[in-house]
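One letter stands for each residue in the lines below.
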Amino acid sequence: MSVFAIPLEFSNGEVRPCAREGIIPPVLNTSGVTLCGGTATVNWTLKDACNFTLTADQIITVLPAPQAAFINVPPASIQISCEDVPRLYLRHWIYTSGEQDFVV
C-alpha cells in the first residue's frame, strides 16, 4: 500500500527569493484495514515559517481479500452401517438400551 503514499512536490511558480517549493512527505494510516477490507488514508501537510498551510488527503478503499476455497475436493457424503465404523470412533459412544447404559 505504500506505493500510494508518495511524496508530493509543491511550488508557487516563483523564482528565488520569492519561491516556495519543496517536497511534502506522506503520512499513511492503515489502522482501518484488515483482511475484511477497510479504509486507509494518506495525508500530506505543510506549514512553513510564514504560516502558509498546504494539505491534501487521499482515501484508499481496500476491498476484502478473496474468499478461501478448498484446495483439494472434499469427500462426498456417504452412508455406512454401524459395523463399518472404525472401532476408534465407536470407543467413546455411550448409548442406552432402555434398561442399562453401555459404553462401547
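See the structure shown above.
Let us look at the structure shown here. These numbers come from a predicted model, not from an experiment. (Residues numbered from 1 in each chain as written. Predicted model: local features only at pLDDT ≥ 70, side-chain atom pairs only at ≥ 80, totals over all residues. Heavy atoms only, no water.)

### Re the overall build of the chain
Here's step 1: A count of helices and strands for the chain gives one helix and seven strands.
Here's step 2: Each helix and strand of the chain, placed in order from N terminus to C terminus, yields the pattern β-β-β-β-β-α-β-β.
Here's step 3: Residues counted as buried form 12% of the 104 residues belonging to the chain.
Here's step 4: The long-range share in the chain, meaning contacts at least 24 apart out of those at least 6 apart in sequence, stands at 26%.
Here's step 5: For the chain, the exposed area adds up to about 9000 Å²; of that, 59% sits on carbon and sulfur atoms. (Helix = DSSP H or I, 4+ residues; strand = E, 2+ residues; numbered from the N terminus. Buried < 20%, exposed > 50% of the residue type's maximum accessible area, 1.4 Å probe, protein only. Contact = heavy atoms within 4.5 Å. Areas by Shrake-Rupley, 256 points an atom, 1.4 Å probe, with all protein chains shown as cover.)

### Quick notes on the pairing of strand β3 (residues 27–34)
Each regular strand displays side chains that alternate between the two surfaces of the sheet.
Here's step 1: Across six bridges, β3 lies against strand β4 (residues 37–47) in antiparallel orientation. Pairing of G32 across the sheet is with T39, part of β4.
Here's step 2: Connecting the antiparallel pair β3 and β4 is a turn made up of two residues. (Pairing = 2+ DSSP bridges.)

### As for the nonpolar core
Here's step 1: Core analysis: the largest hydrophobic core is formed by nine residues, namely A5, F10, I24, A40, V42, W44, L46, I60 and V62.
Here's step 2: Counting residues per element, the ones that place at least two in this core are β4 and β5 (53–62).
Here's step 3: In this structure, L46 is in contact with F10, I24, F52, T53 and L54, ignoring residues within four places of it in sequence. (Core = buried A, V, L, I, M, F, W, Y, C linked by side-chain atoms within 4.5 Å.)

### Observations concerning the pattern of salt bridges
A side chain with one charge may pair with a side chain of the opposite charge, provided their charged atoms come close.
Here's step 1: Counted by the stated rule, this structure contains two salt bridges.
Here's step 2: Across the salt bridge formed by E21 and R16, the nearest N and O atoms sit 3.6 Å from each other.
Here's step 3: Its relative accessible area of 44% is what places E21 among the partly exposed residues.
Here's step 4: The residue D48 makes a salt bridge to R20 at a minimum N-O spacing of 3.5 Å. (Salt bridge = Lys/Arg side-chain N within 4 Å of Asp/Glu carboxyl O.)

### A look at the sheet that holds β4
Sheet strands pair via backbone hydrogen bonds, and the direction of the pair is either parallel or antiparallel.
Here's step 1: Here we have three strands laid out as an open sheet, ordered β3-β4-β5, and antiparallel in their pairing. Whereas interior strands pair on both sides, the edge strands pair on one side only; in this sheet they are β3 and β5. Averaged over all pairs of adjacent strands, the angle between strand axes in this sheet comes to 10°, irrespective of strand direction. (Axes fitted to C-alpha atoms, helices over the stretch in contact; angles between N-to-C directions.)

### Considering the pairing of β5
Here's step 1: Alignment of β4 against β5, held across ten bridges, turns out to be antiparallel. Bridge pairing links N43 to D57 in β5.
Here's step 2: What sits between the antiparallel neighbours β4 and β5 is a turn of five residues, in which N51 has the positive phi angle 65°.

### Things to note about the environment of L35
Here's step 1: For L35, the position within the fold is in the loop between β3 and β4.
Here's step 2: In this structure the C-alpha to C-alpha distance between L35 and V62, which are 27 residues apart in sequence, comes to 9.1 Å.
Here's step 3: Not counting residues up to four positions away in its chain, the partners in contact with L35 are P64 and A65.

Any functional reading would require information beyond the geometric quantities listed.
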